[in-house]
Amino acid sequence: MKAFNNTLFALLTLKCPRCHKGKMFTHSNMYVWKTSHLMPEKCSCCEQPMEPETGFYYGAMYLSYALYVMLFVPMFMITVFFDLPYFEFFISFVVLTVLISPYFFRLSRACYLYLFVRYDKEKSNCVH
Ligand SMILES: [Zn+2]
């Protein structure tokens, strides 16, 4: 369970899937649109390639879609269950989507890379 928690924490904090130490994105501020998507070529700690092959992250679009559905459905269910106005639901969903989209973009890429790269304890011994 501890290994799962460590992996989940590393995923949510956008760390490298192999070493759980290196950062997956070049810039830590995800709200700078020009640089938000930039990733280093390799992990600074274990040298795991951040884009294993050209077009690797196309599959991350499906995960991004799933994340937005996981945001939309509970919000909509709460709106229906508590009989709240649909207009307020719509506005709050749009505002939340705008605010959270840079994180979802990064998280979907991280999730996709985590599907293919396993944690390697020996690779996590770098000084970082
Ligand atoms: Zn790494």
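This section reports on the structure supplied with the text. Not measured: the values here are computed from a predicted model. (Residues numbered from 1 in each chain as written. Predicted model: local features only at pLDDT ≥ 70, side-chain atom pairs only at ≥ 80, totals over all residues. Heavy atoms only, no water.)

1. Digging into the overall build of the chain
Along the chain, the regular secondary structure elements total 3 helices and 0 strands. In the chain, the succession of α and β elements from N to C terminus is α-α-α. Projecting the C-alpha coordinates of the chain onto the three principal axes gives extents of approximately 55 × 40 × 25 Å. The buried share among the 128 residues of the chain stands at 36%. Considering only intrachain contacts with a sequence separation of at least 6, the fraction spanning at least 24 residues in the chain is 64%. A total of about 8800 Å² of accessible surface is found on the chain, and carbon and sulfur atoms cover 67% of it. Positive and negative side-chain charges of the chain, numbering 12 and 8 respectively, have mean locations separated by a distance of 9 Å. (Helix = DSSP H or I, 4+ residues; strand = E, 2+ residues; numbered from the N terminus. Buried < 20%, exposed > 50% of the residue type's maximum accessible area, 1.4 Å probe, protein only. Contact = heavy atoms within 4.5 Å. Areas by Shrake-Rupley, 256 points an atom, 1.4 Å probe, with all protein chains shown as cover. Lys, Arg positive; Asp, Glu negative; His and termini not counted. Charge placed at Lys NZ, Arg CZ, Asp CG, Glu CD.)

2. Topic: the nonpolar core
Met-24, Cys-43, Met-50, Tyr-57 and Leu-113 are the most contacted members of the largest nonpolar core, which has 29 residues in total. Broken down by element, the residue count for this core peaks at 8 residues, all from helix H3 (residues 86-116). (Core = buried A, V, L, I, M, F, W, Y, C linked by side-chain atoms within 4.5 Å.)

3. What to know about the packing of aromatic side chains
Under the counting rule described, the total for this entry stands at 12 aromatic pairs. For the pair Phe-72 and Phe-93, a centre-to-centre distance of 5.1 Å together with 85 degrees between the ring planes defines the contact as edge-to-face. Note that Phe-72 is positioned in helix H2 (residues 60-81) and Phe-93 in helix H3, a separation of 21 residues in sequence. The interplanar angle of 25 degrees and the centroid separation of 6.1 Å between the aromatic rings of Phe-76 and Tyr-86 together place this pair among those described as stacked. Placement of Phe-76 in helix H2 and of Tyr-86 in helix H3 is noted, with a sequence separation of 10 residues between them. A residue is classified by how much of its surface remains accessible, and Phe-76, at 29% relative accessible area, is partly exposed. (Phe/Tyr/Trp six-rings, centres within 6.5 Å; stacked < 30°, edge-to-face > 60°.)

4. Observations regarding the packing of H2 against H3
It is the contact of H2 with H3, at a shortest axis distance of 7 Å, that shows an interaxial angle of 150 degrees. Classified by the angle between their axes, H2 and H3 sit roughly antiparallel to one another. Viewed along their axes, H2 and H3 form a crossing whose handedness is right-handed. Its residues placed into classes, the contact of H2 with H3 shows 19 nonpolar, 6 polar and 1 charged. (Axes fitted to C-alpha atoms, helices over the stretch in contact; angles between N-to-C directions. Parallel < 35°, antiparallel > 145°, perpendicular 65-115°, else oblique. Left-handed = near helix turned anticlockwise from the far one by under 90°. Nonpolar A, V, L, I, M, F, W, Y, C, P; charged D, E, K, R; others polar.)

5. A closer look at the coordination of the zinc ion
Only Cys-16 (SG), Cys-19 (SG), Cys-43 (SG) and Cys-46 (SG) from the protein coordinate the zinc ion, and they sit 2.2 to 2.3 Å from it. Taken together, the 4 donor atoms coordinating the zinc ion and their angles of 102 to 116 degrees define a geometry best described as tetrahedral. Positions of the donor residues of the zinc ion along the chain correspond to the pattern C-x2-C-x23-C-x2-C. One exposure class covers both Cys-43 and Cys-46, and it is buried. (Donors = N, O, S within 2.8 Å, 3.2 Å for Na, K, Ca; no water. Tetrahedral: all angles 85-135°; square planar, octahedral: opposite > 155°, others 65-115°.)

It is worth stressing that arrangement in space is one thing and function is another; only the former is reported here.
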